[in-house]
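The primary structure of each chain is shown beneath.
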Amino acid sequence: MRRFGPLSVRLVALLAIASLLLAALDWPLSSPESRPSRVRAVATADAPASLLDFRSRLEAQGVEFAAPAFSGGLAERLLQARLQDPEADLLLLWNGSFVPQEDSGSKPLPATPLSDRANPPLEPEWFQLRALGALRADRPLALELRLEEGAELGPWRGSLQLLDSMGEARASLEFAAAELVEPLRLEAPDVSAGAYEIELRIELPGAGSLLATGSLVVASSPILRIVGSGRRSMQIAAALTVQGLAAEVVEELPADLAEEQVLVLCEPLSEAEQTRVLDFVDAGGGLFLIGDEQGGALPLSGQPLHDFLPVVMPAVLSGAVAKEGAEGDAGSSEEASETETEPEPKADPVPPEENPKKPDPEAAPSGDLSQASPPVSLNEEEVERRSVALMLVVDRSGSMGQPSSGGRSKMDDAKRSAYDTAYNLEDGDELGLIAFGEHAQELEILKLGPPPKDSVLRRSLESLRAEAPRTQLGSALNLSLTRLAASKLPVRHTVVITDGNLPDFADVLHCRTVADRMAKAGITLSIIQVIDPGDSSSPLELKRIADAGRGVLHRSRARDSIPSLVLSEVKRLLGSVGRRPASELAADPLAAAVPEPEAKPVEAKPEPEPEPDPEPEPEPAAEQALPASDAGPAVLAVRAVSPSLLLQPLPEAGFPGLAGVLPVTGRAEARVLLAAGEQGVPLLAFANRGLGRVGVWTSDFFGNWGRDWVGDPQLPARLATWVSAVFPASDADAEEQLLVSRVLQPPAPTRAERRQMEALTGQALAQLSEYEAPAAKLVMVEKGRAAEFALWALLSLAFLALVEFSLRRSAAFS
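Here the residue numbers are simple positions, counted from 1 along each chain's written sequence. For a predicted model such as this one, the threshold for reporting local features is a pLDDT of at least 70, and the threshold for listing and counting side-chain atom pairs is 80 or more; totals across whole chains, interfaces and linings nevertheless cover every residue. Just so you know, side-chain values use all the structure's heavy atoms and leave hydrogens and water out.

### Structural notes on the overall build of the protein chain
Okay, step 1: Of regular secondary structure, the protein chain possesses 17 helices and 31 strands.
Okay, step 2: Looking at the protein chain residue by residue over its 814 residues, the buried ones come to 45%.
Okay, step 3: Note on definitions: a residue-residue contact is assigned when non-hydrogen atoms from the two residues lie within 4.5 Å. Contacts spanning at least 24 positions in sequence make up 74% of the contacts within the protein chain whose residues lie at least 6 apart.
Okay, step 4: Exposure was quantified through the Shrake-Rupley algorithm and a 1.4 Å probe, taking into account, for residues, occlusion by the shown protein chains and nothing else. When the accessible surface of the protein chain is split by element, carbon and sulfur atoms take 53% of a total near 41,100 Å². Helix numbering and strand numbering both begin at the N terminus, where a helix is a DSSP run of H or I of at least 4 residues and a strand a DSSP run of E of at least 2. For every residue, the accessible area obtained with a 1.4 Å probe (protein chains only) is divided by the maximum for its type, and the residue is called buried under 20%, exposed over 50%, and partly exposed between those limits.

### Here we look at the packing of aromatic side chains
What characterises a pair of aromatic rings is the spacing of the ring centres plus the angle enclosed by the ring planes.
Okay, step 1: Stacked, tilted and edge-to-face are the three classes assigned to paired rings of Phe, Tyr and Trp, where Trp is represented by its six-membered ring and a pair needs centres within 6.5 Å; plane angles under 30 degrees give stacked, over 60 edge-to-face, the rest tilted. Here the structure, examined in full by the defined rule, presents 11 aromatic pairs.
Okay, step 2: With a centroid separation of 5.1 Å and 80° between ring planes, the pair formed by Trp697 and Trp709 is classed as edge-to-face. Of this pair, Trp697 sits in strand β28 (residues 692-697) while Trp709 sits in helix α14 (residues 707-710), and the two are 12 residues apart along the sequence.
Okay, step 3: On the accessibility criterion, Trp697 (0% relative accessible area) is buried.
Okay, step 4: Clustering of aromatic rings is evident, with ring pairs tying together Phe655, Trp697, Phe701, Phe702, Trp709 and Trp722.

### Some points on the sheet that holds strand β11 (residues 194-204)
Okay, step 1: A pair of strands is treated as paired once DSSP finds two or more bridges between them. Reading across from one edge, β9-β8-β11-β12-β29 is the order of the 5 strands in this open sheet, with antiparallel pairing throughout. Looking at which strands have only one partner, the edges of the open sheet turn out to be β9 (169-176) and β29 (739-745). Along the sheet, successive strands turn relative to each other by an average axial angle of 15°, direction set aside.
Okay, step 2: In the sheet, strand β8 (residues 157-163) pairs with β11 via 7 bridges, with the strands oriented antiparallel. Of the residues in β11, the one forming a bridge with Gln161 is Glu199. Under this scheme, a helix contributes an axis fitted over its contacting stretch, all axes are lines through C-alpha atoms, and angles between N-to-C directions fall in the 0 to 180 degree range.

### Brief notes about the pattern of salt bridges
Okay, step 1: Any carboxyl oxygen of Asp or Glu within 4 Å of a side-chain nitrogen of Lys or Arg constitutes a salt bridge here. This structure, assessed with the given rule, holds 19 salt bridges.
Okay, step 2: With a closest N to O distance of 3.2 Å, Glu144 and Arg130 form a salt bridge. Of the two residues, Glu144 sits in strand β7 (residues 141-147) while Arg130 sits in strand β6 (residues 127-131), which places them 14 residues apart along the sequence.
Okay, step 3: For Arg130, a relative accessible area of 29% puts it in the partly exposed group.
Okay, step 4: A salt bridge links Arg146 to Glu144; the shortest N-O distance between them is 3.0 Å.
Okay, step 5: Among the residues examined, Arg146 registers a relative accessible area of 35% and is labelled partly exposed.
Okay, step 6: You can call Glu144 buried: its relative accessible area is 11%.

### Quick word on helix α16 (residues 751-761)
Okay, step 1: Within α16 the residues assigned to the buried category are Arg751, Glu753, Arg754, Gln756, Met757, Leu760 and Thr761.
Okay, step 2: The elements touched by buried residues of α16 are α3 (74-84), β4 (89-94) and β5 (112-115).
Okay, step 3: Phi turns positive one or two residues past the end of α16, at Gly762, with a value near 80°.

### A word on the sheet that holds strand β20 (residues 446-449)
Okay, step 1: With respect to topology, 6 strands assemble into an open sheet ordered β20-β19-β18-β21-β22-β23, the strand pairing being mixed. Across the chains shown, the open sheet's two edge strands, defined by having one partner strand only, are β20 and β23 (553-556). Going across the sheet, the axis of each strand differs from the next one's by a mean of 20°, ignoring polarity.
Okay, step 2: Of the pairings in the sheet, the one linking strand β18 (residues 388-395) to strand β21 (residues 491-498) comprises 7 bridges and is parallel in character.

### Overview of the environment of Asp292
Okay, step 1: Residue placement: Asp292 occurs in the loop between β16 (286-290) and β17 (311-312).
Okay, step 2: In this structure Asp292 comes out as buried when scored by relative accessible area, which is 14%.
Okay, step 3: We call two N or O atoms a polar contact when they sit within 3.5 Å, provided that within protein one can donate a hydrogen and the other can accept it, with sequence-adjacent residues counted only if both atoms are side-chain atoms. A polar contact of 2.9 Å, which involves the side chain of Asp292, links it to the backbone nitrogen of Gln294.

### Considering the confidence of the model for the protein chain
Okay, step 1: Confidence in the prediction for the protein chain averages 76 pLDDT; 74% of positions are at 70 or higher.
Okay, step 2: pLDDT gives the predictor's per-residue confidence on a scale running from 0 to 100. No element of the protein chain has a lower mean pLDDT than helix α6 (residues 334-341), at 33, and none a higher one than β16, at 95.
Okay, step 3: Ignoring residues within four places in sequence, the model shows residues 581-632, a span with pLDDT below 50, making 76 contacts including any to other chains.

### Regarding a nonpolar patch on the surface
Okay, step 1: Two distance rules govern patches: like charges are joined within 9 Å, and nonpolar side chains (Val, Leu, Ile, Met, Phe, Trp, Tyr) within 5 Å, applied only to residues with over 30% relative accessible area and no salt bridge. On the surface, Leu791, Trp792 and Leu795 cluster together into a nonpolar patch covering about 340 Å² of accessible area.
Okay, step 2: For Leu795, the position within the fold is in helix α17 (residues 786-813).

### Notes on the pairing of strand β14 (residues 246-250)
Okay, step 1: Bridge analysis of strand β13 (residues 223-227) against β14 gives 5 bridges, and the strand direction is parallel. Directly across from Arg225, in β14, lies its bridge partner Glu248.

### Quick look at the pairing of β7
Okay, step 1: By the criterion of burial, β7 is predominantly enclosed, with 6 of the 7 residues buried.
Okay, step 2: Where β6 lies against β7, 5 bridges are found, and the strand directions are antiparallel. Bridge pairing in β7 places Arg130 opposite Glu144.
Okay, step 3: Two elements, β7 and strand β10 (residues 184-188), share 5 bridges in a ladder whose sense is antiparallel. Its bridge partner being in β10, Glu144 is matched across the sheet by Arg185.

### Description of the packing of helix α7 (residues 410-424) against helix α8 (residues 454-461)
Okay, step 1: Orientation of α7 relative to α8, taken along the N-to-C sense of each, is 160°, at an axis distance of 11 Å. Considering the angle they form, α7 stands roughly antiparallel to α8. The two elements α7 and α8 meet at a crossing, and its hand is right-handed. Along its contact with α7, which presents Lys415, Ala418, Tyr419 and Ala422, the element α8 presents Asp454, Leu457, Arg458 and Leu461. Orientation categories follow fixed angle ranges, with anything under 35 degrees roughly parallel, anything over 145 roughly antiparallel, 65 to 115 roughly perpendicular, and all other angles oblique. Whether a crossing is left-handed or right-handed is set by the direction in which the near helix is turned from the far one by less than a right angle, anticlockwise for left-handed and clockwise for right-handed.

### Focus: the nonpolar core
Note that soluble globular proteins tend to have their nonpolar side chains buried in a common cluster.
Okay, step 1: The nonpolar core is taken to be a set of buried Ala, Val, Leu, Ile, Met, Phe, Trp, Tyr and Cys residues, with the residues joined through side-chain atoms within 4.5 Å. If you look at the biggest cluster of nonpolar residues, it comprises 67 residues, and the most contacted ones within it are Phe288, Leu289, Phe686, Trp697 and Trp722.
Okay, step 2: Not counting residues up to four positions away in its chain, the partners in contact with Phe288 are Leu263, Val264, Leu265, Leu684, Phe686, Gly695, Val696, Trp697, Trp722, Val723 and Val726.
Okay, step 3: In terms of nonpolar packing, the next biggest core, distinct from the first, is built from 35 residues, Trp126, Leu135, Ala188 and Ile202 among them.

### Remarks on helix α11 (residues 540-548)
Okay, step 1: Here α11 has its buried residues at Leu542, Ile545 and Ala546. For α11, the buried positions fall inside an angular range of 95° around the axis, keeping them on one side.
Okay, step 2: On its buried face, α11 sits against α9 (474-485), α10 (505-520), β22 (523-530) and β23.
Okay, step 3: Phi turns positive one or two residues past the end of α11, at Arg550, with a value near 60°. The directions from the helix axis to the C-beta atoms are what the arc is built from.

### Description of the side chain of Glu430
Okay, step 1: The topology assignment puts Glu430 in strand β19 (residues 430-436).
Okay, step 2: Charge assignment in this entry is limited to Lys and Arg as positive and Asp and Glu as negative, and neither His nor the chain termini are counted. In this structure Glu430 is buried but unpaired, with Arg492 as the nearest side chain of opposite charge at 8.3 Å.
Okay, step 3: Aside from chain neighbours lying at most four places away, what touches Glu430 is Val388, Ala389, Leu390, Leu425, Leu448, Gly449, Pro450, Ser487 and Leu489.

### Quick notes on the packing of helix α4 (residues 231-242) against helix α15 (residues 715-724)
Okay, step 1: Packing of α4 against α15 leaves a shortest axis separation of 8 Å and a crossing angle of 90°. Taken as axis vectors, α4 and α15 run roughly perpendicular relative to one another. Contacts between α4 and α15 pair Ile236, Ala239 and Leu240 from the former with Pro716, Leu719, Ala720 and Val723 from the latter.
Okay, step 2: Under the convention adopted here, Pro, Cys and the residues Ala, Val, Leu, Ile, Met, Phe, Trp and Tyr are nonpolar, Asp, Glu, Lys and Arg are charged, and Gly plus all remaining residues are polar. Of the residues assigned to the contact of α4 with α15, the class counts are 7 nonpolar, no polar and no charged.

### A short note on unusual backbone geometry
Okay, step 1: A cis geometry characterises the amide bond from Gln648 onward to Pro649, with omega recorded as -5°.
Okay, step 2: Turning to its location among the elements, Pro649 is positioned in the loop between β24 (638-640) and β25 (665-666).
Okay, step 3: Residue Pro746 is bonded to the preceding Gln745 through a cis peptide linkage, with omega at -5°.
Okay, step 4: Residue position: Pro746 is located in the loop between β29 and α16.
Okay, step 5: The backbone phi angle of Arg550 is positive, close to 60°, even though this residue is not glycine.
Okay, step 6: Turning to its location among the elements, Arg550 is positioned in the loop between α11 and β23.
Okay, step 7: The class of Arg550 is exposed, set by a relative accessible area of 62%.

Following this line, the structure appears as structure tokens:
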């Protein structure tokens, strides 16, 4: 270079080296750039013409629009669209009806919900249709149509039809909107067994229509076997037959109870027969027992069927019974007859210086309650009551299907526990049931909510089988935590029912983690473990899980102890909120319930009160019998203990009285509807047992005790209603809501759909026409200068090479 190059050549070389250096450094340079806005849309249905028009409008404004096809529900598709393009404006478009899913509890994903249709003038969910009473043949069928509270009336008209399998209308009703201020009733007095369709049509003048459909099944009436002999059984059969029930009197228990559905017992059974009836109820049969002065069909304490009763009977009945005096009829016990014929006792039980208080002719006597103890005083002051949410988590592994000592499997006992628990809860409480094996999500038998009706609960448990090959509890506990955490009730508790330890160590760690999260969320956890005889496994892991959940571990070797252990947990849960079961409020079941009469104070000169008729001296308290009177038997007042449709209509003058009642007390899990006497002795009570139901009447209808009931014209209807309450569950039982499909024409987003979209996006639903597309964005873009500098360096090097070539050639010629 020094030989051939002048200064200009050196400058060119220096420029080339500088260009290469700048290219290596890649010095960036910022410059403004305009970019079109992007929109990503997730639609509820296939794109109709309105969505295509919406897309064309956006693209005409320079907006980049895309509606990618993703799989899954709306929440999953929204998330996939956001992950695909985080900078795009995300839309959720209603362009066709969809089925709203249960709220997953996740946070809303920022998006804009839009609809191509205006909100409808009425909501399909406004119309509620339910059946009044059981859906059975030979019974009047009544459907009640009501408008949801807060719904707006409009200028529309409607019609409701009940169609048979041939499409013919069996009953119809037309109405205007104003008529739905009060519930309307559609009645079909005579329907046969079979399936029926329901059609509800609402015509909106100039705005379209609503078609809501549903179905129901009317079951054939079961044959009632009335087990007993004599006139009383025939009278009960006649009363039930008058009400359209198929009743048949049999003197002995049928040989094959598997073919029976309902039994009405009027007379006592042997222990072997009671065991058969116990299995019959446990398998889903219905049982109704009627008492009398000798006890009737109610078994005594210690007999096989006694534990299935909703009431507790004493081991031995007292000989004292109510006595008749109008016609000189004696009581049924020897002590009562002797009392009428013997003279007054020699020893005066009342001291001469005291005058006993004479009976008040205006007050109703307490009756034969010599061994009765009140389960709950009717005048007892109410304690603080708070609602509870309880989740039962049941093991469905194969070992749960092994039979127990009583012939039932542990799974059957778990089902019975679910029934008893649901029956022990009240309005305002919540109950859920989860079965765990391998996939708890697939076996959520009952979603957490109000305790369901008997028929719904029975059908729900039919799918529960002990067939899972593995025992994995963690996912079930996590599901229970999710459901209970969403509950607003102050007390939330989980009870796990299992018969073994957890074999998977990873699942154990998962359970302990979930139990700790439960405790932090204010949810308690207890575990009931029923182990086989000879099992020496350590309960340490289950104990740690229960401790982490701030609960307890119950461990028992008795396979049939599941119901009692679950009941103890329910009692403990209710006790934590000041709700004591009836059995804890009751005194000793065999203690006397008749209070001793108070003695009047001794006065210096008592003045006897004039009496229209001389009254006999009161009998000694030791006799414990009702006083005889020429006016007829003494009357025990009968009153309703808890409100129930089984007692409707309530008589204006009150229920007829009784001359006597058996000395019973109510169980904690029983539902007592009627009580007799001042002490509130249970008279009409029901309880769920196994897959069946048991009802009892602790007095008599047609004997000496129930003469006032014989003259009541409503007795056949009431007796048929109470016996029908123990009918087995079937698909024919009415659901709470009969309308299952609702279609608006033209389609519009319903209230449930709007709520789902707003919950997913966190914004209110708006119209497509109101949406303003985002404007194009002006962004500063930084670009490197490497390519530009490299080009200049390349040109400089080429020029330098040319100059050097020229200089060398000139030097060669010179």
